[in-house]
Amino acid sequence: MEDYWTELENIKRSNENRQESQEAVVVKEPDEGELEEEWLKEAGLSNLFGESPDDPQESIAFLATLTRTQAAAVQKRVETVSQTLRKKNKQHHIPDVRDIFAQQREAQEKSPGGSESPSARTKENKCQGKDDQASSGAVDNKELIPPRVPEDAPASETDINLEVSFAEQAVSQKELSRERMQKIRVNDASLPSFRLPKDKTGTTRIGDLAPQDMKKVCHLALIELTALYDVLGVELKQQKAVKIKTKDSGLFGVPLTMLLEQDQRKAPGTRIPLIFQKLISRIEEGGLETEGLLRIPGAAMRIKNLCQELEAKFYEGTFNWESVKQHDAASLLKLFLRELPQPLLSVEYLKAFQAVQNLPTRKEQLQALNLLVILLPDANRDTLKALLEFLQRVIDNKEKNKMTVVNVAMVMAPNLFMCHTLGLKSSEHREFEMAAGTANVMHLLIKYQKLLWTIPKFIVNQVRKQNTENQKKERRAMKKLLKKMAYDREKHEKQEKTTNEADVPQGVIRVQAPHLSKVSMAIQLTEELKASDVLARFLSQESGVAQTLKKGDVFLYEIGGNIGERCLDDDTYMKDLYQLNPNAEWVIKSKPQ
């Protein structure tokens, strides 16, 4: 732990030399029930409460897509809020939790085909020892249910199952022997090399989905994270920062969103602060083989002077970067992270990131980090990604710079977790515990970064299910409206059917490419046809200026049907995806900035 405590001492010295004393972020201690009410709001269930709530049926439909453990997490919070509101004698609508979940069950019983809820199926299957499939979160549509894992197949310790709810996996895991699940010291050899099994319908990563679907993903990720922590008996408490006065311009101590607004006026489409990018570039220009990179600090007074000069000259383009030594640039990078008015891992979820160390297994720690990364605001998530990728490049040169993943984790943990603006004070024992725990979490973030930006398939399937239910509701409303307006219902349904079926033969999809030479092509689906094959067919027919287009410039998208919009990875098997979403359109286009 020596590197950690040395870094802490360097931070204290650096703070003493900074003239500007930052105002501490006041973390509001919520009243009884307020935390749960805020949680329901963040989970997209605020219409269950309020003076004039929206149609509660929308929430009932949403609840119907939840797994058993997710529903239990929601029910627990609804009960707490209901009791609190009754105590406070609030006059607005106070639903009885039993009514909400009774309506949910009723809605599922009335659904086409008489399908039952995931919670009911899970309970039934649990009795039969079939937990693996029941909790996938994919209900009704057979094509949404993941393939059954053979019961006698030994689970590889390197596999991460994205098809079944993490919390449901934890329930099953709790029933198994925990002999091999002791806490493991933070060293490279102790961390297994997890991998994602190939998914024939394609892996979905953050940035692949349309904003409206990503919002649903975040709601579900919060519910799933809470369910996972509930099952494992770890407290998950969100914090809320009271708004404080912050700098509205400059570089250091400026909120990320405000900094990006500034930067986007200079460079439209910027997603990572320009100063952050430039500091990383400066460090890399000096060579990543430098011994003690990130560990050896720059001179405190020089760092202070460089900060002042950067504030005055960075945006004017007159700052002399040649005057910045490599270790100075590394110190400035860490200072930038520490002086963010709110931590990079966010005030709301900083404690949840810290609590990851209390989860029993490495796999569960990884699953929790995956959900937490999804929950971060876009600006925080993008900046974190750039940081982790840079740290990995430093570690790739460990033979020369002597900075292993453990060393880097020790040095960077205090800069991300010991956020001095939160005014955190604790005992020496607590500090030591926090040091070991946060260094462990930092290690996990670095090592598993390629996995953490994946959206679990069970959550994508739940989004598909929600979209399907919403479309059914809209169609019912439309039919009612048409009937009221005295239209011929049969004529409308016939037109709708004709539009959906179009003129494409069975087993063939029509791919649109409005910006390419060949704007449309009918493609025969085969067992082996992948998204990369479809793109290759179009790109091979380009000529002239468009011929310069290459792989990575344009992507194949799945649009409509049971998803808003989804960018497909190259290894997506088109026939499998077509069976999952037969009403989708297929479009080739570039990714939005």
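Before any of the text, the structure's been laid out above.
Quantities reported herein were computed from a predicted structural model and do not represent experimental measurements. (Residues numbered from 1 in each chain as written. Predicted model: local features only at pLDDT ≥ 70, side-chain atom pairs only at ≥ 80, totals over all residues. Heavy atoms only, no water.)

Undergrad: Whenever I open this one, the overall build of the protein chain confuses me. Can you help?
TA: Looking only at helices and strands, the protein chain features 24 helices and 9 strands. Here the protein chain, with 593 residues, has 49% of them falling under the buried criterion. Summarising the internal contacts of the protein chain: among those between residues at least 6 apart in sequence, 77% fall at separations of at least 24. Per element, the accessible surface of the protein chain, about 29,400 Å² overall, is 49% carbon and sulfur. (Helix = DSSP H or I, 4+ residues; strand = E, 2+ residues; numbered from the N terminus. Buried < 20%, exposed > 50% of the residue type's maximum accessible area, 1.4 Å probe, protein only. Contact = heavy atoms within 4.5 Å. Areas by Shrake-Rupley, 256 points an atom, 1.4 Å probe, with all protein chains shown as cover.)

Undergrad: Where do I start with the sheet that holds strand β7 (residues 555-560) in this structure?
TA: Strands in a sheet are paired, the pairing made by backbone hydrogen bonds, and the direction either parallel or antiparallel. Spatially, the 5 strands line up as an open sheet ordered β6-β5-β9-β7-β8, and their pairing is mixed. On the outer flanks of this sheet lie β6 (520-524) and β8 (563-567), each paired with one strand and no other. This sheet shows a mean twist of 25° between the axes of neighbouring strands, independent of strand direction. Relative to β8, β7 runs antiparallel, the two being bridged by 4 bridges. Paired with Ile 559 across the two strands is Glu 565, which belongs to β8. (Pairing = 2+ DSSP bridges. Axes fitted to C-alpha atoms, helices over the stretch in contact; angles between N-to-C directions.)

Undergrad: It is not clear to me how the packing of helix α11 (residues 274-285) against helix α16 (residues 378-395) should be interpreted in this structure. Could you clarify?
TA: Between two packed helices, both the angle of their axes relative to each other and the distance between the axes serve to describe the pair. Between α11 and α16, whose axes approach to 11 Å, the crossing angle comes to 5°. If you check the angle between α11 and α16, you find them roughly parallel. When α11 is examined against α16, the residues Phe 276, Ile 280, Ile 283 and Glu 284 are found in contact with a partner set consisting of Thr 383, Ala 386, Leu 387, Phe 390 and Arg 393. Broken down by class, the residue content of the contact of α11 with α16 amounts to 6 nonpolar, 1 polar and 2 charged. (Parallel < 35°, antiparallel > 145°, perpendicular 65-115°, else oblique. Nonpolar A, V, L, I, M, F, W, Y, C, P; charged D, E, K, R; others polar.)

Undergrad: Looking at this structure, I do not really get the packing of helix α14 (residues 347-355) against helix α15 (residues 362-375). What am I missing?
TA: At a minimum axis distance of 10 Å, the contact between α14 and α15 shows a crossing angle of 170°. One element, α14, and the other, α15, form an angle in the roughly antiparallel class. Contacts between α14 and α15 involve Tyr 349, Ala 352 and Phe 353 on the former and, on the latter, Leu 369, Leu 372, Val 373 and Leu 375. A per-class count over the contact of α14 with α15 returns 7 nonpolar, no polar and no charged.

Undergrad: Can you walk me through the pairing of strand β5 (residues 508-512) in this structure?
TA: In regular strands, side chains alternate between the two faces of the sheet. Sheet analysis places β5 next to β6, joined by 5 bridges and oriented antiparallel. From the neighbouring strand, Ile 509 faces β6, where its bridge partner is Ile 523. Here 2 bridges tie β5 to strand β9 (residues 585-589), and the two strands are oriented parallel to one another. Looking at the pairing, Gln 512 lines up with Val 587 of β9.

Undergrad: How should I be thinking about helix α23 (residues 531-539) in this particular structure?
TA: Since one α-helical turn is 3.6 residues long, residues separated by three or four positions face the same way. Among all positions of α23, only Ala 531, Val 534, Leu 535 and Phe 538 are buried. Considered in projection along α23, the buried side chains sweep an arc of 95° and stay on one side of the axis. Against the buried residues of α23 lie β5, β6, β7, α24 (574-580) and β9. (Arc of directions from axis to C-beta.)

Undergrad: Can you help me understand α16 in this one?
TA: Under the 1.5 Å per step criterion, the end-to-end length of α16 is 26 Å for 18 residues, consistent within 8% with the ideal 26 Å. In terms of burial, α16 is a largely internal element, 13 of the 18 residues being buried. (Expected span 1.5 Å × (residues − 1).)

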